[in-house]
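# Observations on the three-dimensional arrangement
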There are 4 protein chains.
Amino acid sequence: MASNSFGKLLTVTTFGESHGAAIGCVIDGCPPGIAITAEEFAHDLQRRATGKSRHTSQRHEADEVEILSGVYEGRTTGTPIALLIRNTDARSKDYDKIVEQFRPGHADYTYWQKYGIRDPRGGGRSSARETTMRVAAAVIAKKWLAEKHGIRVRAHVAQIGEIRPRSFDASVVEDNAFFWPDAAQVPELESFMDALRKSGDSVGARIDVVADNVPPGWGEPIYGKLDGELAAAMMSINAVKGVEIGAGFASITQKGSEHRDELGRDGFRSNHAGGILGGISSGQAITCSVAFKPTSSLRLPGHTVDVEGREVEVVTTGRHDPCVGLRAAPICEAMMALVLMDQALRHRAQCGDVGEVSPRIPGAVQ
Amino acid sequence: MASNSFGKLLTVTTFGESHGAAIGCVIDGCPPGIAITAEEFAHDLQRRATGKSRHTSQRHEADEVEILSGVYEGRTTGTPIALLIRNTDARSKDYDKIVEQFRPGHADYTYWQKYGIRDPRGGGRSSARETTMRVAAAVIAKKWLAEKHGIRVRAHVAQIGEIRPRSFDASVVEDNAFFWPDAAQVPELESFMDALRKSGDSVGARIDVVADNVPPGWGEPIYGKLDGELAAAMMSINAVKGVEIGAGFASITQKGSEHRDELGRDGFRSNHAGGILGGISSGQAITCSVAFKPTSSLRLPGHTVDVEGREVEVVTTGRHDPCVGLRAAPICEAMMALVLMDQALRHRAQCGDVGEVSPRIPGAVQ
Amino acid sequence: MASNSFGKLLTVTTFGESHGAAIGCVIDGCPPGIAITAEEFAHDLQRRATGKSRHTSQRHEADEVEILSGVYEGRTTGTPIALLIRNTDARSKDYDKIVEQFRPGHADYTYWQKYGIRDPRGGGRSSARETTMRVAAAVIAKKWLAEKHGIRVRAHVAQIGEIRPRSFDASVVEDNAFFWPDAAQVPELESFMDALRKSGDSVGARIDVVADNVPPGWGEPIYGKLDGELAAAMMSINAVKGVEIGAGFASITQKGSEHRDELGRDGFRSNHAGGILGGISSGQAITCSVAFKPTSSLRLPGHTVDVEGREVEVVTTGRHDPCVGLRAAPICEAMMALVLMDQALRHRAQCGDVGEVSPRIPGAVQ
Amino acid sequence: MASNSFGKLLTVTTFGESHGAAIGCVIDGCPPGIAITAEEFAHDLQRRATGKSRHTSQRHEADEVEILSGVYEGRTTGTPIALLIRNTDARSKDYDKIVEQFRPGHADYTYWQKYGIRDPRGGGRSSARETTMRVAAAVIAKKWLAEKHGIRVRAHVAQIGEIRPRSFDASVVEDNAFFWPDAAQVPELESFMDALRKSGDSVGARIDVVADNVPPGWGEPIYGKLDGELAAAMMSINAVKGVEIGAGFASITQKGSEHRDELGRDGFRSNHAGGILGGISSGQAITCSVAFKPTSSLRLPGHTVDVEGREVEVVTTGRHDPCVGLRAAPICEAMMALVLMDQALRHRAQCGDVGEVSPRIPGAVQ
């Protein structure tokens, strides 16, 4: 399978550069009969968009989705669904210097080394603009998961630099610019981000993603494990440097008697496993935590080399996010949803005859 | 691609259950002409084996590799290489209870829910015995990477429970039972593990893996990123709950001005990226850190249910590792090596005409 | 890999319906640095187009290609190349009846049975309009094969109904509306086709495809054989019912002493193998012959059922080709070129170290 | 996917050389719960075996299957099923000359050119011995298709050289050494084959394969078409040079009014399509015809070159089939069964919600 494609049975192929004519995707293998309209993409694209607050890049893209194929009279037909978004606010002149210089911490140097040629405008293919199409594609996956299985996939920001939520209230996450679960902390975050932006520096973030109501049995051992594919999916997002399932790195210091999630007829008594055992869902909530590095595009000067190998000082003047993690919640949700739907189809393929197996333990504890 | 296969061009397919007749693998897509003998598998298999010290499971397997195909007069021919290891020390009677009960923290329940049938002997397919074949397959990958590119892949244990190395000396890692880089701490670890084993409990561990001399340009954006595939590879190992590339979760609290690895003609000035930018190797060392959960098979009783849905108390009496991470160093190396060789072949396929690109920055800092 | 994608390393994903907004494709895995402009697609698309003569469907499509991504300053960058063609001459009202009736010999009934929903306008996804994008994608493949390896892929019509060429002159193939290698027969074909069109009936055709200068060694045993993939590629074209490599079905009556292509230092003495032995190219010309069935869309009434299961008489009134094979030469060339380039990249991946092997026998005889 | 693997969801990976230690396969993605024993492989392996009559190669292999994994208490568990057959009657000394010489019509030269190294013993990997494992793997597929869908896959020899069946009686096919459907012709075939064998020459054959009771809806447009995958599957069998679906090459001279299979409430009125329209099964019998070339291993001397490039005369003295097609019926059945089961699982994955669609037309005519 080509490297710009994702998923085994529900396959999403994305294309497009940050400042090219358009970005788009082809969704193949989608079940027929799902109702979908171009308008339904707007909500999640808006959640991911830049320019909504002063805390993100000031690029303003309409992100209007055109459905080119695969939908007839408002329903998917089982043939490939092509989605297209024209780029409208690409200001390539901001990037004149990048043509000549390799920004530290960016893919500039590695694309150059790999291909011997690169599109430097806005980072070209390595830009996070590509993730727009993941979010778009996942709108269909989320809808199918919700309608067919009652699954809800939600993400929130769980850390910005040193700041962590002091409380958790899922209902406020969508009401602030930070996807933050503690409304009381929002003013503090505003101040922090304002100061950060003025300093010209950036900071990292953590995103937590949870999927509820995933039935037991999804996931394929050994190399198609649900957690393995989630790890790949999250790590494929720009700026991600770490992925945890369930207790994650905290498992290292746990004792086995603490970590193992005991179970009874009422359900599991804890969820350190993050809802996955042996690569297969247990019926508990699937939980995943993702580390985003700080943006490398800074107004602060940095040392680098240019395409002639000369040492130079670089300053990035384009529009950038001081904390890329802030817009990453819908992207992490998208990757979780795409992985789950793909695994759901694969499970149905191999085990469609198995039916519901007893005993079925409720996935009580998140 | 089937889920018991790994890799796109260098494809390893494994088979076998813990207490079945045999375990084995088929390595497809291997370049021809690589010298290999059955004896060369012994070293790494021995490093991974149980029963070498009192700190691991007491199962004693000869792990003798038979090369069934793909090698002629001591050289690979380009056709599939099948490797076979007969199981010789399987004591299935130890697992009588497991037939009826779902061990907490194990794949017992999830395999049952997925397939409606499972081989309970020694954990069946979900046993870490499967990783033997990953290590075997990677012997060929390591050899090719070393001979063709001068690449060395090494792993060590970087944390056991709360204990971390106080110093780092690569030369002592292979001289103790813990793959530990600080020889002075070995007695402390001996005591810790003895006490743990006697308590009937278990603990987690962290493994650090490093590959040196990887040339720039390996890795395929977007969904075939080198870090994405490493994440999937590591997360596919039994008991893994977290994966970091480079600075990993520490990136969250870093400032961009600290995290971005500046570069000069002499090389990069730091390696927070872990040698990967935009999913493509930069020429620096590839660094990866992996979290292993504590073993769930404990002599300490735990709450669970049986196949009839009754609540029962479970005690696991088989032979188990009090810290699975202790034997994981060669497994992590294996997965890193397999990912790298696969990406090397893929890079050659697409970019074989590109040749060496200027400027080439030395990957000075690990 | 998804079913609307083709090729393992050079992967082409197509999308679009006959009367939808647009058709398009994404070409992934293409080597960087290939010079390409939107204008270069025109020639082959024109060769494949309808409406050029009275002997094909009278649909007139501009077939203007927009390059959406993957090309920067006139060269491929190694990132996915998306091509888009808007549909401009779709007259769906011609197909009103098809909504209700299953045309015999068409995919109407099978799409309906598979998906429970179908886009009936112009045959939707099952229309040969999809092959436009194969031809477009192959323009890049043909260019790479020619520039890098001197390979030329050519096809001609080798049979229309009972009529076969009486002589072979490659230089006249592109000069007549029938891709016919015997200029003297063209008037006869004109009369035949005029009479056929007036009768409301249709007829089948044979296309021969040849690739010259393919080096020995391309093709992967066992299930990735060059001939196996050519067979799949050709059979995936609309209306194809048979594929032969080399002597094809004539091999059945041949003796081994006749069929086996003897070789000497000057080259092979015959080419019954069609340039492929054991699934691997021998250095001789790759030859393939493809059978196209007669179009099933006829003005002559036929028996069928409607969506309610009632028996009805169907007459197809849309614009159709009385002999689809007539426009199939560039499509067959396209599939041959895509298979060859994909195999070339795969060969380089696995056997890039092998270099040129002695003795190299010239592929003298076509 | 690796090239020694076949199938997308039901994936069969084969390994082994003709005169190596063993041949084997790994079947991945198989549904759980299928009853299977080692004994069940014997019947089809025996049908394919050499040495049963004087008309095939005199190599005598026990072909005893050992199930290494994936089956527990007589049922498949959903984990990979590894099958192993030890080679017992390999006489490599017969092939001394082949080490130095390239047999015309064989893969000797192409393997050498591709890999720069080859296992010459008995043809190594390019030997038809590999097909043993296809037949073994398909035993499970045939059982599943029969039990779950009532599908029966049968093949017979439909032509040997110039000889074609004068009548068709399915019930006699298994009663003669030629898989021949006309018992009265068997003496004629005996004489023909005896004369052929004595002459030292060989001849080609045609195999017809039919699958009954395939439900409508299997097959994935565009590049995963059922007929496209059948073509690839058949062409991947050693010595195959042509594949037809339904009317095949005869479609060329058919009129559309003849070829299109009209349909009524009682069913289709003909089956020129071979049960496939638009790449999707129609509910009629799937019919396929396959051309096998004459064996190239002859006692009759032939011209060739040796590894030093010298022109030499070659005589093949090993044990060979004067007509390889004679044992190909079970192999063709195997490939048809594997394709069908794989497509069945894929159809269930994408369209598992669609259910039975009206109107369902009986597939009356074969």
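Reference entry: report on the structure contained in this document.

Rules of the game
Residues numbered from 1 in each chain as written. Chains lettered and ligands numbered in written order. Predicted model: local features only at pLDDT ≥ 70, side-chain atom pairs only at ≥ 80, totals over all residues. Heavy atoms only, no water. Salt bridge = Lys/Arg side-chain N within 4 Å of Asp/Glu carboxyl O. Helix = DSSP H or I, 4+ residues; strand = E, 2+ residues; numbered from the N terminus. Buried < 20%, exposed > 50% of the residue type's maximum accessible area, 1.4 Å probe, protein only. Contact = heavy atoms within 4.5 Å. Buried area = accessible area lost by both parts, 1.4 Å probe. Polar contact = N/O pair within 3.5 Å; in protein donor to acceptor, adjacent residues only side chain to side chain. Least-squares fit on C-alpha atoms with pLDDT ≥ 70 in both. Core = buried A, V, L, I, M, F, W, Y, C linked by side-chain atoms within 4.5 Å. Pairing = 2+ DSSP bridges. Axes fitted to C-alpha atoms, helices over the stretch in contact; angles between N-to-C directions. Nonpolar A, V, L, I, M, F, W, Y, C, P; charged D, E, K, R; others polar. Phe/Tyr/Trp six-rings, centres within 6.5 Å; stacked < 30°, edge-to-face > 60°. Lys NZ or Arg CZ within 6 Å of the ring centre and 35° of its normal.

### Section: the pattern of salt bridges
Applying the stated criterion across every chain, the model contains 124 salt bridges over all chains. Residue K142(A) pairs with E333(A) through a salt bridge whose shortest N-O separation is 2.6 Å. Of this pair, K142(A) sits in helix α3 (residues 131-149) while E333(A) is found in helix α7 (residues 329-351), placing the two residues 191 residues apart along the sequence. A relative accessible area of 18% places K142(A) in the buried class. Taking relative accessible area as the criterion, E333(A) reaches 2% and is therefore assigned buried. A salt bridge links D194(B) to R197(B), with the nearest nitrogen and oxygen atoms 3.0 Å apart.

### Focus: the interface of chain C and chain A
Opposite the 40 residues of chain C that make contact, chain A presents 40 residues. For the pair chain C and chain A, the summed buried area comes to about 3000 Å², and 63% of that belongs to carbon and sulfur atoms. The residue R86(A) makes a salt bridge to E66(C) at a minimum N-O spacing of 2.8 Å. At the boundary of chain C and chain A, one finds ten residue pairs in polar contact (both at pLDDT 80 or more).

### Thoughts on the relation of the copies chain C and chain A
Overlaying chain C with chain A gives an RMSD of 0.0 Å, the required rotation being 180 degrees about an axis along which the chain moves by 0.0 Å. The transformation relating the two chain copies, once decomposed into turn and shift, fits a two-fold axis. Both copies contact each other with a shared surface, as 100% of the interface residues of chain C are interface residues in chain A too.

### Observations concerning helix α5 (residues 226-235) of chain D
Burial analysis of α5(D) places nine of its ten residues in the buried class, which makes it a mostly covered element. Of the positions making up α5(D), those classed as buried are L226(D), D227(D), G228(D), E229(D), L230(D), A231(D), A233(D), M234(D) and M235(D).

### Details of the relation of the copies chain A and chain B
Between chain A and chain B, which share one sequence, the superposing operator has a rotation angle of 180 degrees and an axial displacement of 0.0 Å; the RMSD is 0.0 Å. Interface residue correspondence from chain A to chain B reaches 100%, placing this contact among same-surface, isologous pairings.

### Considerations on the nonpolar core
Judged by nonpolar contacts, the single largest core of 351 residues is most densely connected at M234(A), M234(B), M234(C) and M234(D). Among residues more than four places away in sequence, those in contact with M234(A) are V209(A), V240(A), V243(A), C288(A), V290(A), C332(A), M335(A) and M336(A).

### Points about the sheet that holds strand β10 (residues 240-245) of chain B
Strand order in this open sheet of eight strands is β8(A)-β9(A)-β15(A)-β10(A)-β10(B)-β15(B)-β9(B)-β8(B), and the pairing throughout is antiparallel. Each edge of the open sheet is held by one strand with a lone partner, namely β8 (152-160) of chain A together with β8 (152-160) of chain B. Neighbour-to-neighbour, the strand axes of the sheet open up by a mean angle of 20 degrees, direction not taken into account. As judged from the eight bridges shared by β8(B) and strand β9 (residues 205-212) of chain B, these two strands associate in the antiparallel manner. In the strand pairing of β9(B), I160(B) is matched with A205(B). This element, α7(A), spans β8, β9 (205-212) and β15 (286-292) of chain A of the sheet and lies at about 40 degrees to β9(A).

### Concerning the interface of chain A and chain B
At the interface, 115 residues of chain A touch 115 residues of chain B. Approximately 9100 Å² of surface area, both sides summed, lies buried where chain A meets chain B, with 60% of it carried by carbon and sulfur atoms. For the salt bridge of R269(B) with E311(A), the shortest nitrogen-to-oxygen distance reads 3.8 Å. At the junction of chain A with chain B, the criterion picks out 61 residue pairs in polar contact (both at pLDDT 80 or more). Residue composition of the side of chain A that touches chain B, by class: 48 nonpolar, 42 polar and 25 charged. Direction of pairing for strand β10 (residues 240-245) of chain A relative to β10(B): antiparallel, over a ladder of three bridges. Residue G242(A) lies in a different strand from β10(B), and its bridge partner there is E244(B).

### Remarks on the packing of aromatic side chains
By the definition in use, this model includes 22 aromatic pairs over all chains. When the ring of Y223(A) is compared with that of F6(B), the centres are 5.5 Å apart and the planes differ by 45 degrees; the resulting orientation is tilted. In this pair, Y223(A) is assigned in the loop between β9 and α5 (226-235) and F6(B) in strand β1 (residues 5-6), connecting two distinct chains. The same class applies to Y223(A) as to F6(B), namely buried. For the cation-ring pair, K114(B) lies above Y115(B), with the distance from its terminal atom to the ring centre recorded as 5.8 Å.

### Here's the deal with the sheet that holds strand β4 (residues 66-67) of chain C
All names here are of chain C. An order of β1-β2-β3-β7-β4 is seen for the five strands of this open sheet, with the pairing classed as antiparallel. Here the strands that pair on one side only, and so sit at the sheet edges, are β1 (5-6) and β4. With two bridges connecting them, β1 and strand β2 (residues 11-16) associate as antiparallel partners. Paired with S5 across the strands is T13, a residue of β2. Where helix α3 (residues 131-149) meets the sheet, its contacts fall on β2, β3 (22-28) and β7 (81-86), and the angle it forms with β3 comes to roughly 35 degrees.

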